[in-house]
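Single-letter residue listing:
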Amino acid sequence: MENLQRIVQESVPGKQITLLHLISSPDSQVNEKIGLDKGNAIGIMTLTPTESSIIAADVASKAACVEICFIDRFNGCVLLQGDNESVRQSLEAVKDTFERMLKFTSSPVTIS
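Values in this document were obtained by computation on a predicted structure and should not be read as measured data. (Residues numbered from 1 in each chain as written. Predicted model: local features only at pLDDT ≥ 70, side-chain atom pairs only at ≥ 80, totals over all residues. Heavy atoms only, no water.)

Novice: Could you clarify how one ought to interpret the overall build of the protein in this entry?
Specialist: A tally of helices and strands in the protein yields three helices and six strands. Ordered by position from N to C terminus, the α and β elements of the protein give β-α-β-α-β-β-α-β-β. On the principal axes, the C-alpha backbone points of the protein span a range of 50 × 35 × 20 Å. Across the 112 residues of the protein, 38% fall into the buried class. Pairs at least 24 residues apart make up 62% of the contacts formed inside the protein by residues separated by at least 6 positions. As displayed, the protein has an accessible area near 7,100 Å², and 52% of this comes from carbon and sulfur atoms. One finds the centroid of the 10 positive side-chain charges in the protein at a distance of 6 Å from the centroid of its 14 negative side-chain charges. (Helix = DSSP H or I, 4+ residues; strand = E, 2+ residues; numbered from the N terminus. Buried < 20%, exposed > 50% of the residue type's maximum accessible area, 1.4 Å probe, protein only. Contact = heavy atoms within 4.5 Å. Areas by Shrake-Rupley, 256 points an atom, 1.4 Å probe, with all protein chains shown as cover. Lys, Arg positive; Asp, Glu negative; His and termini not counted. Charge placed at Lys NZ, Arg CZ, Asp CG, Glu CD.)

Novice: Help me understand the nonpolar core, please; the structure alone is not making it clear to me.
Specialist: As a rule of thumb, nonpolar side chains are buried together in soluble globular proteins. In terms of nonpolar packing, the biggest core is built from 20 residues, with Met-45 and Val-94 touching the most fellow members. Sorting the residues of this core by element identifies β1 (16-23), β2 (41-48), α2 (52-63), β4 (77-82) and α3 (84-100) as the ones contributing at least two each. The element that contributes the greatest number of residues to this core is α3, accounting for five residues. (Core = buried A, V, L, I, M, F, W, Y, C linked by side-chain atoms within 4.5 Å.)

Novice: Sorry, what's going on with unusual backbone geometry here?
Specialist: Glycine aside, a negative phi is what most residues show, and trans is what most peptide bonds show. Geometrically, the link from Thr-48 to Pro-49 is a cis peptide bond, its omega value of -5° lying close to zero. By the secondary structure assignment, Pro-49 is in the loop between β2 and α2.

In structure tokens:
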């Protein structure tokens, strides 16, 4: 019998950004599966508390020319799209604003 590992995901109260990621050149299948336009970079954010995703989307949209594609205030996820530099600027602006003004901890902006 194979030894299987069970993973349980748990949301811990706190003020943090757990993911800030830029997919610079997404495969067209990725865009298709999540219902986004092809050819643009994708920005992904996850935050706790989850309601802070609304603030993150607002900050991101004001920082650069990006389209907010999805906000999930129950899971803390935000998806945005635009050119590479605009998405990067938006993610960096969210990181800076949340760390400086709201005293959040955050992960670095990563790029693939």
